[in-house]
Amino acid sequence: MKTSTRALLLMLVLGLIGSVPGFLSSDRAKAAANTAPPPSNLTRAHWKQKYIRPASIPFPADNLYSKDRELLGKTLFFDPRLSQSGSIACASCHNPGFSWGDGLPRGIGTGMKELGRRSPTILNAAWSDLLFWDGRADSLEMQALGPIASQREMNMPLDAMVKVLQEIPEYKALFARAYPGEPINEKTVARAIASFERTVVSGQAPFDRWISGDESAISEDAKRGFDLFNGKAGCVQCHSQWNFTDNGFHDVGLEDTDRGRGDRLHLEGMQFAFKTPTLRNVDRRAPYMHEGNEQTLAEVIDFYDRGGDARRKSLSPEMVPLHLTAQEKTDLLAFLSTLTSVDKPVEFPSFPR
Amino acid sequence: MINRIIFGTLPTIALVTLSAVPLLAADHEINQQDRHFSQTEITIKVGDTISFKNDDEVTHNVFSTTPGMEFDLHRQAPGASSTIPFNKVGDVEVDCSIHPRMKLLVHVR
């Protein structure tokens, strides 16, 4: 994605709005041999500096930030008139009250029918290269229109969406201020929604205060959990950097027929692979995994501790049994809870009439 | 006359063959470190090879879907290296399937 890092000194940075690392047993041994040992010899200080927050939100050069774009995008994001039924908004599945997810195992689409995957959070999506669990969109602008047009989701043909918006008088001024001289069309709708989504950033969490030098910001249990995260448990191999994701795709061994990224990229190693989700505010987003089958973070840790469930060629070599003790699992949970920020409630927009 | 044509043509064929697969093909090394390739673009001669070495702490999967130059090096464990020849003139986009941010453009001249 072509981006120009544009300082949005505001909120962001920082204070506002605001799943982990496994064939037949012999294959499993091979996988273990091919995996680098967890870098546990490195110091805590070394790892802390790997998680420093960025100073600004990246916006693409062809859709730079403005307050008007954010406002228009937010209004569209919460407006159910973007769906064919007039009752489903982007925010229905990406609800700020559930940390921009929906709290359900799998999303609910048009006709109240269950979808195939869990609704992913939009939190910190500005830093995502590829969007959707299977990475089929390479920009937020491209992603934004997908669920609107999907017959299973909001079921709104894009030409019909444009017509609906053009016929709502008060939208004209919002679009004119956000994109002067441009029409209300698919492109401006997508760009506005993407602009708003980029402003949805997790705020300062206790973890951030700790790596900034406040030793009292998190518990000793959590500090041990951090060491495990970067060491024995190997979570960092996928949940890396400040947003706790490598923005990558891995088969972590869920028993599932959904081939995920493998349906988009026909490589052996991409079968059953899904995008690594952020762990920011993760304790606000149960249930977990792309299919919502793990109810608690403790269950997720147990899943990774046994090296996943499915045994197949595409299984990530990083997925090996961890042999964590009960105390180590408790420490990891304590650490994960320090990634949650206390953010201001999101103000619901007033819709144009 | 016939002999002259034959003898006049052979060196030409030999030259064409030599230019398609140079005898002095070079190997270029591209490292994978910190979830990046060591460079984002490289220009090589047709017939040269590139060795992709994983100097990272995580697994990588280098591949290309550029028509006519498709390849998949499969999973590369940390420390592993794989070499692939580039025998066709053109631009080849090389990526890591696990980490889509990793991109390398190979200009084969």
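Because the structure is predicted, anything quoted here is derived from the model rather than measured.

Draft legend 1. The arrangement of the environment of Gly292(A) in detail. Here Gly292(A) is to be found in the loop between strand 4 (274-275) and helix 12 (297-305). The residues touching Gly292(A), leaving out its near neighbours within four places in the chain, are Leu104(A), Pro105(A), Arg106(A), Arg118(A) and Pro287(A).

Draft legend 2. Local environment of the packing of helix 12 of chain A against helix 13 (residues 326-337) of chain A. Residue and element names in this part refer to chain A. Close contact between helix 12 and helix 13 brings their axes to 10 Å; oriented N to C, the two are set at 125°. Here helix 12 lies oblique to helix 13, going by the angle between them. Here helix 12 and helix 13 pass one another in a crossing that is right-handed. Along the contact surface, helix 12 presents Leu297, Ala298 and Ile301, while helix 13 presents Lys329, Leu332, Leu333 and Leu336. In terms of residue class, the contact of helix 12 with helix 13 is made up of 6 nonpolar, no polar and 1 charged.

Draft legend 3. Inspection of the interface of chain B and chain A at higher detail. Contacts between chain B and chain A engage 16 residues on the former and 20 residues on the latter. Elements with a contribution of two residues or more to the side of chain B that touches chain A: strand 5 (60-64) and strand 6 (71-76) of chain B. With 3 residues, strand 6 of chain B is the largest single contributor of residues to the side of chain B that touches chain A. Taken together, the residues of the side of chain B that touches chain A break down into 6 nonpolar, 5 polar and 5 charged.

Draft legend 4. Spotlight on unusual backbone geometry. Residue and element names in this part refer to chain A. The peptide bond linking Ala286 to Pro287 adopts the cis configuration, its omega dihedral lying at 0°. Along the chain, Pro287 turns up in the loop between strand 4 and helix 12. With a phi close to 80°, Phe132 is a non-glycine residue in the positive phi region.

The rules behind these values
Residues numbered from 1 in each chain as written. Chains lettered and ligands numbered in written order. Predicted model: local features only at pLDDT ≥ 70, side-chain atom pairs only at ≥ 80, totals over all residues. Helix = DSSP H or I, 4+ residues; strand = E, 2+ residues; numbered from the N terminus. Contact = placed C-beta atoms within 7 Å. Axes fitted to C-alpha atoms, helices over the stretch in contact; angles between N-to-C directions. Parallel < 35°, antiparallel > 145°, perpendicular 65-115°, else oblique. Left-handed = near helix turned anticlockwise from the far one by under 90°. Nonpolar A, V, L, I, M, F, W, Y, C, P; charged D, E, K, R; others polar.

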